[in-house]
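Chain by chain, the residues:
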Amino acid sequence: MTELDSKKPQEPQPSQSGNGEQAERNWSETLFLPKTDFPMKAGLPQREPEILARWEKIGLYDRLRREAEGRDKFVLHDGPPYANGNLHIGHALNKTLKDVISRSQGMMGKDAPYVPGWDCHGLPIEWKVEEGFRAKGKNKDEIPINSFRRVCREFAEKWVKIQSKEFQRLGIVGDWDNPYTTMAFEAEAIIARELMKFAMNGTLYRGSKPVMWSVVEKTALAEAEVEYQEVVSDTIFVKFPLVQAEGELSGAAVVIWTTTPWTIPGNRAIAYSPDIRYGLYEVTAAPEDNWAKPGDKLILADVLAENLENAARIEGWTRMSDVDPASLGAVQHPLHELGYDFDVPLLPGEHVTAETGTGFVHTAPGHGMEDFVLWEDSKAELQARGIDPAIPFTVDADGFYTEEAYGFTGKRVIDDKGEKGDANNAVIEALVEAGNLVARGRLRHDYPHSWRSKKPVIFRNTPQWFIAMDKALGGDGDTLRNRALKAIGGTSFVPAAGENRLRGMIESKPDWVVSRQRAWGVPITIFRHAETGEVIPGAGFAKSEMLEHRIVAAFEQEGADAWFAEGAKQRFLEGVVDNPDDWEKVDDILDVWFDSGCTHAFVLEHRPDLKWPADVYLEGSDQHRGWFQSSLLEACGTRGRAPYEAVVTHGFFVDEQGRKMSKSAGNAVAPENVIKQSGAEILRLWAMSSDYWEDLRIGPEILKANVDSYRKLRNAMRFMLGNLAHYREELRVEPSQMPELERYMLHRLAELDTFVRENYNAYDFKRIFHALFNFCVGDLSAFYFDIRKDALYCEPHDSIVRRSALTVLDILFEALTAWLAPMLCFTMEEAWLNRFPGEDNSVHLRQFPNIPDTWRDEALAGKWKQLRSLRRAVTGALEIERKERRIGASLDAAPKVYIADDAMRASLEGLDPAEIFITSGAEIIEGEGPEGAFRLSEVPGVAVEVIEAVGKKCARSWKISPDVGADPEFPDLSPRDAEAVRQFDARRAAAAE
RNA sequence: GGGCCUGUAGCUCAGCCCGGUUAGAGCGCACGCCUGAUAAGCGUGAGGUCGGUAGUUCGAGUCUACCCAGGCCCA
């Protein structure tokens with residue numbers, strides 16, 4: 001039959017239930033007590049791997065895809081982590097959030113595939129591989145490039161495997177068997193193809209840019225490869241004479257200050273600030289042999305005048321007048337005579353401050369980023385003024401001055417050992433000779449050094465490949481910048497502030513530099529004519545497509561190594577150009593941001609299980625500068641729109657004091673430790689309870705709090721499971737037949753349904769988590785379950801209240817396991833399978849339940865809100881009695897509740913107040929109540945007098961009532977319990993037959 | 001130094017856009033109860049100068065400015 005042949009029979013052994021032995025009968029075996037083997041203690045670190053193994057066995061990801069076939073796709077495109085090193089907490093959060101999104105979208109009716117990926121090219125891997133070679137006594141330069149690249153590939157492969165395992169351990173469900181990588185041949189082919197699109201639309205060009213360069217290692221360095229050390233530098237004050245000046249200004253000179261005299265040959269401009277006051281100073285007194293002589297007229301910032309006065313040993317001078325730098329136009333280079341025969345313009349610069357120097361900043365666009373940016377920004381103006389905007393290459397890779405450093409060729413800035421060369425002195429001497437040195441000195445300050453060799457680096461101008469931001473891109477005449485800005489407008493950002501951030505960056509972005517002088521990456525697959533500088537493939541070249549196809553086809557077969565293989569130039573150019581020898585094969589590689597900026601092309605567009613554009617990209621807020629931006633630019637340049645509809649960002653990880661995490665500070669939380677100690681579920685729970693849009697705090701105390709929360713939640717599930725052991729389909733009750741309390745719970749569920757769906761769609765998980773957690777703890781454990789324990793345990797088998805409660809528990813269980821499954825993927829699976837075991841069953845194959853809107857009943861909810869405050873007044877009163885030791889359990893009492901308000905009293909109509917208060921009885925009385933009664937200020941008009949319940953205590957339900965013994969057959973029981981036992985006995989007898 | 005953002009109980013979060021009763025919730029903590037959710041469950045309570053200072057206003061956690069602390073990105 002029904003209950004008695006359930007999977008775990010809970011009926012007692014054939015018993016001693018003869019009538020004569022009533023007094024000794026064990027009543028608890030006649031109760032419907034919770035029965036479950038769902039353990040209170042989760043043992044997550046052990047259990048999680050079992051659940052993972054099961055998902056693997058049933059092929060969860062593939063089954064999800066199969067079952068979702070034909071539904072609308074929802075594509076969250078994975079931003080590739082770098083395949084280098086073990087996971088840190090940031091990876092864990094990032095992937096967990098993605099997992100929750102794809103799981104929740106899947107359960108809300110979408111087909112939400114998740115294809116993880118990895119970023120495999122680039123510098124950090126090269127370093128590690130180089131280190132490996134160095135340990136074997138080999139130098140990178142001795143190794144053939146493709147051998148080196150092979151080792152890099154193997155290194156990346158190794159870490160992809162490790163990280164994949166680590167991600168899966170977190171419970172992330174995805175296509176782990178078929179992930180994407182930026183180094184797959186197909187990916188390399190498409191990345192090259194995408195780059196060639198820019199070559200062909202005319203925005204790719206060769207320019208130059210200062211990079212940090214280590215002469216010792218003969219290589220460019222990234223910011224991360226540089227550390228700052230204190231050094232003593234030569235400082236000089238230099239005069240730049242005015243070109244055409246009249247009156248007072250005649251013979252005057254603008255004075256600059258610099259700590260790098262060797263950059264003077266590279267000087268092309270002087271920056272000033274429109275916010276600083278400048279003056280003209282005429283020297284009136286100075287020592288005999290001084291550089292600054294009486295009669296010299298110097299222009300500089302007023303607030304820094306004293307600074308120069310001291311440095312230049314000036315004994316007296318007069319401020320003649322104000323000077324507006326904007327009116328000066330241009331000045332002469334201080335080494336004009338040596339061949340620096342050009343106008344040096346004065347340009348307003350926002351970076352100019354009045355803190356050090358003279359308020360005029362020596363600007364050598366090949367030797368500093370600010371200088372470069374200012375120069376580039378002024379390009380149009382320079383050209384209008386007839387000034388050549390080209391940036392000179394004054395220093396070569398070995399630190400020697402080139403021929404463009406007129407008069408200094410062959411002098412050296414830094415030697416192979418990293419020591420200062422003769423360049424500084426040569427420049428200083430030349431300046432003295434030219435009469436343009438005003439003062440010199442020394443300064444102790446921080447200067448960038450190579451992280452590896454610990455030797456100083458220099459900024460030197462190097463040729464690079466750029467993608468123009470402001471050049472028309474084809475027919476519509478729109479520029480990359482404009483397209484990107486429009487695309488930002490069409491994208492939704494979560495949180496909204498992301499839009500400003502990305503927009504600001506795109507607005508001010510200089511041309512996009514895509515080249516790197518490294519080995520491990522996708523090459524910039526173009527050829528440059530040695531004489532004309534023409535680039536192929538290119539817009540004006542007839543056989544561009546043929547060349548492109550050749551390269552792409554080769555890469556698809558052999559990977560990008562084909563570019564570096566012997567005879568590559570011949571191979572690709574044969575029949576494409578008349579004489580391949582006229583062309584140089586570009587051997588720069590692409591910056592990895594270009595690689596990852598192409599994932600939309602080789603993943604979204606390419607895979608049939610995905611779609612373009614993605615619904616959402618989700619990464620840390622640092623990716624506004626990184627992946628969000630490179631993907632946007634790449635897609636706008638080639639496809640005219642963003643590759644995503646929405647951008648979601650998360651914050652960074654700080655310790656419990658809100659400080660940055662670092663290995664050196666010792667405050668870093670390693671995900672593997674958390675997993676080992678508490679389980680991945682706790683990490684997920686932490687992520688879900690936190691506001692991930694901002695910085696996330698994590699640490700031992702916070703994790704402990706999450707473990708506690710987990711236990712509460714788990715126990716609520718356990719209670720449901722225990723009681724649902726008694727649930728049978730035929731006991732089900734229609735909501736219309738249910739008591740009010742049940743209907744109130746259904747109303748809460750309907751409210752939550754809307755809330756949960758809305759917030760999953762808004763990616764606002766913390767709201768969902770807190771709402772569901774509060775519901776489980778506040779509405780269920782402390783209220784509904786507590787009240788209904790009596791009915792669930794004691795009521796007769798066919799009692800409508802018991803059956804209604806069971807029905808509601810069933811509905812609650814269905815809803816909660818589904819709503820929480822995306823977040824607590826392990827525990828909900830465990831709970832679901834505990835109730836519905838089955839070979840290939842899984843909570844994750846379900847959908848969120850359909851909750852009928854008819855369950856909503858605002859009037860009922862308002863009424864129960866009132867009843868709950870009434871209940872609070874009663875529990876408050878009981879607490880006083882308890883303190884006075886007059887009662888223990890609430891069942892010891894039968895309070896008198898005085899209610900003045902008619903509406904409040906009316907709301908109790910048809911209800912048993914004792915049931916709500918969990919007391920043995922309750923009397924509702926109209927009126928204000930006596931003086932000494934208990935009152936709560938927040939529940940006005942209610943007074944409670946606690947009276948001890950009268951009667952006998954029912955041996956089965958423990959309720960005290962005068963009715964106990966009314967049924968002569970069961971002298972120790974109340975009539976309700978007597979009936980329950982009678983049904984129990986009858987059912988057992990029937991089962992025995 | 002610049003851009004974007006954050007700062008509400010020990011902890012995690014509501015409230016802030018659209019100023020207005022004694023600023024809420026849960027966890028944790030303290031105390032008590034229960035012993036048929038038991039290494040659980042229930043109740044009661046303590047705990048906040050809403051980062052600081054000025055200002056706007058009859059009135060500011062909510063609006064403005066500045067400052068302090070912190071984060072990301074850039075210099």
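Rules and cut-offs
- Residues numbered from 1 in each chain as written.
- Chains lettered and ligands numbered in written order.
- Predicted model: local features only at pLDDT ≥ 70, side-chain atom pairs only at ≥ 80, totals over all residues.
- Heavy atoms only, no water.
- Helix = DSSP H or I, 4+ residues; strand = E, 2+ residues; numbered from the N terminus.
- Rg over C-alpha atoms; globule rule 2.2 N^0.38 Å.
- Buried < 20%, exposed > 50% of the residue type's maximum accessible area, 1.4 Å probe, protein only.
- Contact = heavy atoms within 4.5 Å.
- Areas by Shrake-Rupley, 256 points an atom, 1.4 Å probe, with all protein chains shown as cover.
- Lys, Arg positive; Asp, Glu negative; His and termini not counted.
- Charge placed at Lys NZ, Arg CZ, Asp CG, Glu CD.
- Near = heavy atom within 4 Å.
- Polar contact = N/O pair within 3.5 Å; in protein donor to acceptor, adjacent residues only side chain to side chain.
- Nonpolar A, V, L, I, M, F, W, Y, C, P; charged D, E, K, R; others polar.
- Phe/Tyr/Trp six-rings, centres within 6.5 Å; stacked < 30°, edge-to-face > 60°.
- Lys NZ or Arg CZ within 6 Å of the ring centre and 35° of its normal.
- Salt bridge = Lys/Arg side-chain N within 4 Å of Asp/Glu carboxyl O.
- Pairing = 2+ DSSP bridges.
- Axes fitted to C-alpha atoms, helices over the stretch in contact; angles between N-to-C directions.
- Patch = residues over 30% accessible without salt bridge, like charges linked within 9 Å, V, L, I, M, F, W, Y side chains within 5 Å.
- Parallel < 35°, antiparallel > 145°, perpendicular 65-115°, else oblique.
- Expected span 1.5 Å × (residues − 1).
- 1 Å grid on protein atoms, 1.4 Å probe; cavity = no way out; pocket = protein on both sides within 12 Å on 5 of 7 lines; lining within 4 Å.
- Points joined across faces, edges and corners; volume = space filled by probe spheres on them.
- pLDDT = per-residue confidence, 0-100.

(A) Structural context of the overall build of chain A. Tallying secondary structure elements over chain A gives 29 helices and 33 strands in all. Relative to a compact globule of 993 residues, whose C-alpha radius of gyration would be 30 Å, chain A shows 39 Å and is clearly more extended. Considered along the principal axes of its C-alpha atoms, chain A spans approximately 125 × 75 × 55 Å. For chain A, the proportion of its 993 residues judged to be buried stands at 57%. In chain A, the proportion of contacts linking residues at least 24 apart, taken out of those at least 6 apart, comes to 76%. When the accessible surface of chain A is summed, it comes to about 42000 Å², and 49% of that surface belongs to carbon and sulfur atoms. Of the side chains in chain A, 119 bear a positive and 158 a negative charge, and the two mean positions are spaced by 4 Å.

(B) Up close: the protein's contact with RNA strand B. Close to RNA strand B lie 52 residues; Glu370, Asp691, Arg718, Lys766 and Tyr793 are nearest. Atoms of RNA strand B within 4 Å of the protein: sugar and phosphate make up 82%, bases the balance. Between Asp691 and RNA strand B, the recorded distance is 2.3 Å, taken from a backbone N or O atom to a phosphate oxygen. One nitrogen or oxygen atom from the side chain of Thr875 is found 3.2 Å from a phosphate oxygen belonging to RNA strand B. Elements represented by at least two residues in the surface near RNA strand B include exactly helix H12 (497-508), helix H21 (700-724), helix H23 (765-794) and helix H26 (858-883). It is H23 that provides the largest number of residues to the surface near RNA strand B, a total of 12 residues. Class assignment of the residues belonging to the surface near RNA strand B gives a composition of 18 nonpolar, 12 polar and 22 charged.

(C) Structural view of the packing of aromatic side chains. Applying the stated criterion across every chain, the model contains 34 aromatic pairs. Ring plane angle 10° and centroid distance 5.9 Å describe the contact between Phe813 and Trp832, whose orientation is recorded as stacked. Of this pair, Phe813 sits in helix H24 (residues 800-820) while Trp832 sits in helix H25 (residues 825-835); the two residues are 19 residues apart in sequence, bridging distant segments of the chain. The exposure classification of Phe813 matches that of Trp832, with both residues buried. Through a chain of ring-to-ring contacts, three or more aromatic side chains come together here, namely Tyr692, Trp693, Tyr760, Phe765 and Phe848. The ring of Phe167 has Lys95 sitting right over it, with the charged end atom 4.3 Å from the ring centre.

(D) The pattern of salt bridges, seen in detail. A complete count under the given rule lists 74 salt bridges for this structure. We note a salt bridge from Arg442 to Asp234, for which the minimum N-O separation is 3.4 Å. Residue Arg442 is located in strand S15 (residues 437-450), and its partner Asp234 is located in strand S6 (residues 226-241); the two are separated by 208 residues in the primary sequence. Taking the relative accessible area as the measure of exposure, Arg442 reaches 62% and is therefore exposed. Residues Arg982 and Glu969 are paired through a salt bridge, measuring 3.0 Å at the closest nitrogen-oxygen approach. Here Arg982, found in helix H29 (residues 975-992), pairs with Glu969, found in the loop between strand S33 (960-961) and H29; they are 13 residues apart in sequence, far enough to count as distant. On the basis of relative accessibility, which here comes to 32%, the residue Arg982 falls in the partly exposed class.

(E) Structural detail: the side chain of Asn723. Structurally, Asn723 is set in helix H21. Exposure remark for Asn723: the relative accessible area of 1% places this residue in the buried category. A polar atom in the side chain of Asn723 sits 2.9 Å from the backbone oxygen of Phe719. Dropping the residues within four chain positions of it, Asn723 is found in contact with Phe32, Pro34, Leu792, Tyr793, Leu806 and Leu809.

(F) How the structure looks around the sheet that holds strand S31 (residues 939-945). Read across the sheet, four strands follow the order S29-S28-S31-S30 without closing on themselves; strand pairing throughout is mixed. Edge strands, defined here as strands with exactly one partner in the open sheet, are strand S29 (923-926) and strand S30 (934-936). When the angles between neighbouring strand axes are averaged without regard to direction, this sheet yields 25°. Most of the contacts of H26 go to S31, to which it runs at about 40°, and overall it touches strand S28 (896-899), S30 and S31.

(G) View of the sheet that holds strand S17 (residues 492-494). Ordered by their spatial adjacency, four strands build an open sheet running S1-S24-S25-S17, and the pairing between neighbours is parallel. The sheet is open, and its two borders are formed by strand S1 (76-77) and S17, each paired with just one other strand. Here strand S24 (residues 614-620) pairs with strand S25 (residues 644-650) via six bridges, running parallel. Bridge pairing in S25 links Tyr617 to Val647. This element, helix H3 (residues 89-107), spans S1, S24 and S25 of the sheet and lies at about 155° to S24.

(H) Quick peek at a negative patch on the surface. Together, Glu531, Asp578, Asp581 and Asp582 give the surface a local cluster of negative charge. By the secondary structure assignment, Asp581 is in the loop between helix H15 (568-573) and strand S22 (583-585). On the basis of relative accessibility, which here comes to 60%, the residue Asp581 falls in the exposed class.

(I) Region of interest: the packing of helix H20 (residues 680-689) against H21. For the pair H20 and H21, the least separation of the axes is 9 Å and the interaxial angle reads 100°. Classified by the angle their axes make, H20 and H21 are roughly perpendicular. Residue-level contacts link Glu681, Ile682, Leu685, Trp686 and Ser689 of H20 to Ile702, Leu703, Asn706, Val707, Ser709 and Tyr710 of H21. Residue composition of the contact of H20 with H21, by class: seven nonpolar, three polar and one charged.

(J) Region of interest: helix H4 (residues 123-135). The first and last C-alpha atoms of H4 sit 18 Å apart over 13 residues, in line with the 18 Å expected at 1.5 Å per residue. Listing the buried residues of H4 in full gives Leu123, Ile125, Glu126, Trp127, Val129, Glu130 and Phe133. Residues of H4 that are buried sit in contact with helix H5 (145-169). Where H4 ends, the next residue or the one after it, Gly137, has phi of about 75°, a positive value.

(K) Up close: empty space enclosed by the protein. Tallying each qualifying case throughout the model produces two cavities of 30 Å³ or more. Lining the largest cavity are 19 residues, with Leu64, Arg65, Arg103, Gly106 and His844 positioned closest to its centre. Within the residue set of the lining of the largest cavity, elements represented by two or more residues are helix H2 (60-67) and H3. In terms of residue class, the lining of the largest cavity is built from eight nonpolar, four polar and seven charged. Volume-wise, the second largest cavity comes out at about 50 Å³. Lining the second largest cavity are Trp127, Glu217, Leu221, Glu225, Ser450, Trp451 and Arg452. Its residues assigned to classes, the lining of the second largest cavity shows three nonpolar, one polar and three charged.

(L) Structural view of the confidence of the model for chain A. Of the residues in chain A, 97% have a pLDDT of 70 or more, and the chain-wide mean is 90. Interface scoring of the predicted complex returns ipTM 0.96; its pTM is 0.91.

(M) Examining the environment of Gly504 more closely. With respect to the secondary-structure elements, Gly504 resides in helix H12. Sequence-wise, Gly504 and Ala815 are 311 residues apart; in three dimensions their C-alpha atoms are separated by 43 Å.

(N) Expanded view of the pairing of strand S8 (residues 269-272). Residue alternation in S8 divides its side chains into two sets, Ala269 and Ala271 and Ile270 and Tyr272, and both sets are buried. With four bridges joining them, S8 and strand S14 (residues 360-363) adopt antiparallel strand pairing. Residue pairing across strands places Tyr272 opposite Phe360, the latter belonging to S14. The sheet contact formed by S8 and strand S13 (residues 343-348) spans three bridges and is parallel. Considered in S13, the bridge of Ile270 is made with Leu346.

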